[in-house]
Amino acid sequence: EVQLLQSGGGLLQPGGSLRVSCAASGFSFSTSAMGWVRQAPGRGLEWVSIMSSSGDYIRYADSVKGRFTISRDNSRNTLYLQMNSLRADDTAVYYCAKESVITTAFDYWGQGTLVTVSS
Amino acid sequence: DIVMTQTPLSSPVTLGQPASISCTSSQSLVHSDGNTYLSWLQQRPGQPPRLLIYKISNRFSGVPDRFSGRGAGTDFTLKISRVEAEDVGIYYCMQATQFPYTFGQGTKLEIK
């Protein structure tokens with residue numbers, strides 16, 4: 001069974017930092033592209049970032065470029081999102097998701113991590 | 001960026017009746033490799049999204065056959081042949097043809 005288990009979030013002050021992790025099991029993590037999608041309270045889905053299986057291809061949404069860093073540890077089957085210089089409009093539930101080579105869609109999703117940025 | 005526009009934004013449906021959601025992209029979603037990376041996701045209340053359909057019309061594993069997708073180029077449709085109570089939620093189309101990946105605004109499916 002595919003599982004993506006995310007770490008907890010929290011309440012951060014503007015300008016603060018947080019690293020969210022996503023522990024994967026039940027599939028070949030090292031051969032899967034992985035990404036992050038966020039959802040502000042009561043809003044729709046917004047793609048944040050994606051990383052190829054080997055980590056040599058990375059893309060970011062303009063809204064987070066230069067502030068967020070995606071990374072992975074294939075030996076630990078874990079995906080990370082380092083979020084720096086957080087702003088109020090980064091407040092959202094952050095989902096990690098697996099992208100399938102076959103579907104080229106996000107076919108499995110984590111449970112979500114709530115990140116609240118407020119003073 | 002490719003803008004994805006869904007209609008309607010809200011769809012009250014009677015149980016057992018069909019439902020249809022449209023998604024239009026601001027430019028063609030045909031990739032240079034010939035594939036069209038348009039998918040549909042369902043988000044039930046309080047749950048993460050769930051993949052229903054990929055590459056326009058392919059049902060993902062475990063998705064009931066009452067869900068179907070069709071379309072081409074810039075116009076796509078998700079159909080539910082007979083709505084069941086468990087189908088309540090928000091439905092999103094998503095394009096993965098070009099970065100940044102983008103989603104439609106979401107269509108809220110509710111029971112009349």
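Calculation rules
Residues numbered from 1 in each chain as written. Chains lettered and ligands numbered in written order. Predicted model: local features only at pLDDT ≥ 70, side-chain atom pairs only at ≥ 80, totals over all residues. Heavy atoms only, no water. Disulfide = S-S within 2.5 Å. Helix = DSSP H or I, 4+ residues; strand = E, 2+ residues; numbered from the N terminus. Buried < 20%, exposed > 50% of the residue type's maximum accessible area, 1.4 Å probe, protein only. Phe/Tyr/Trp six-rings, centres within 6.5 Å; stacked < 30°, edge-to-face > 60°. Lys NZ or Arg CZ within 6 Å of the ring centre and 35° of its normal. Salt bridge = Lys/Arg side-chain N within 4 Å of Asp/Glu carboxyl O. Polar contact = N/O pair within 3.5 Å; in protein donor to acceptor, adjacent residues only side chain to side chain. Contact = heavy atoms within 4.5 Å.

So, about the state of the cysteines. Under the definition given, this model contains 2 disulfides over all chains. Each sulfur of the disulfide joining cysteine 22 of chain A and cysteine 96 of chain A lies 2.1 Å from the other. One quick way to see it: the torsion about the S-S bond of cysteine 22 of chain A and cysteine 96 of chain A is about 60°, and its sign makes the bridge right-handed. Separated by 74 residues along the polypeptide, cysteine 22 of chain A in strand E3 (residues 18-25) and cysteine 96 of chain A in strand E9 (residues 92-99) bring together distant segments of the chain. The two residues cysteine 22 of chain A and cysteine 96 of chain A agree in class, both being buried. For cysteine 23 of chain B, the disulfide goes to cysteine 93 of chain B, at an S-S distance of 2.1 Å. Where cysteine 23 of chain B bonds to cysteine 93 of chain B through sulfur, the torsion about that S-S bond is close to 75°, and the disulfide is right-handed. You can see cysteine 23 of chain B sitting in strand E3 (residues 19-25) and its partner cysteine 93 of chain B sitting in strand E9 (residues 89-95), a full 70 residues away along the chain. One exposure class covers both cysteine 23 of chain B and cysteine 93 of chain B, and it is buried.

Right, let's get into the packing of aromatic side chains. Under the criterion given, the structure shown has 11 aromatic pairs over all chains. Between tyrosine 57 of chain A and phenylalanine 99 of chain B, the aromatic rings sit 6.0 Å apart at their centres with planes inclined by 45°, giving tilted as the arrangement. Note that tyrosine 57 of chain A is positioned in the loop between strand E5 (45-51) and strand E6 (58-60) and phenylalanine 99 of chain B in the loop between E9 and strand E10 (102-103), a pairing that runs across two chains. Look at tyrosine 57 of chain A and you get partly exposed, because its relative accessible area is 40%. Classification of phenylalanine 99 of chain B by relative accessible area gives partly exposed; the value is 23%. Members of the aromatic cluster, joined through ring pairs, are Trp47, Tyr57, Tyr95, Phe106 and Trp109 of chain A together with Phe99 and Tyr101 of chain B. One cation-aromatic arrangement involves arginine 72 of chain A over phenylalanine 29 of chain A; the distance from NZ or CZ to the ring centre is 4.3 Å. Stacked on the ring of phenylalanine 27 of chain A, the Lys or Arg lysine 98 of chain A has its end atom at 5.5 Å from the ring centre.

Before going further, it helps to examine the pattern of salt bridges. Counted under the stated rule, the structure contains 10 salt bridges over all chains. Note that aspartate 90 of chain A and arginine 67 of chain A form a salt bridge whose closest N and O atoms lie 2.7 Å from each other. Here arginine 67 of chain A lies in the loop between E6 and strand E7 (68-73) and aspartate 90 of chain A lies in the loop between strand E8 (78-83) and E9, a separation of 23 residues in the sequence. The same class applies to aspartate 90 of chain A as to arginine 67 of chain A, namely buried. With a closest N to O distance of 3.5 Å, glutamate 84 of chain B and arginine 66 of chain B form a salt bridge. Taken together, the residues glutamate 84 of chain B in the loop between strand E8 (75-80) and E9 and arginine 66 of chain B in the loop between strand E6 (58-59) and strand E7 (67-72) connect sequence positions 18 residues apart. The class of glutamate 84 of chain B is partly exposed, set by a relative accessible area of 39%. Bridged by salt links that share partners, the residues Arg38, Glu46, Arg67 and Asp90 of chain A form one connected network.

Let's shift gears to the side chain of threonine 97 of chain B. Residue and element names in this part refer to chain B. Along the chain, threonine 97 turns up in the loop between E9 and E10. A polar contact is formed between the side chain of threonine 97 and the backbone oxygen of leucine 29, at a distance of 2.6 Å. Among all residues touching threonine 97, those that are not within four sequence positions of it are Leu29, Val30, His31, Thr36 and Tyr37.

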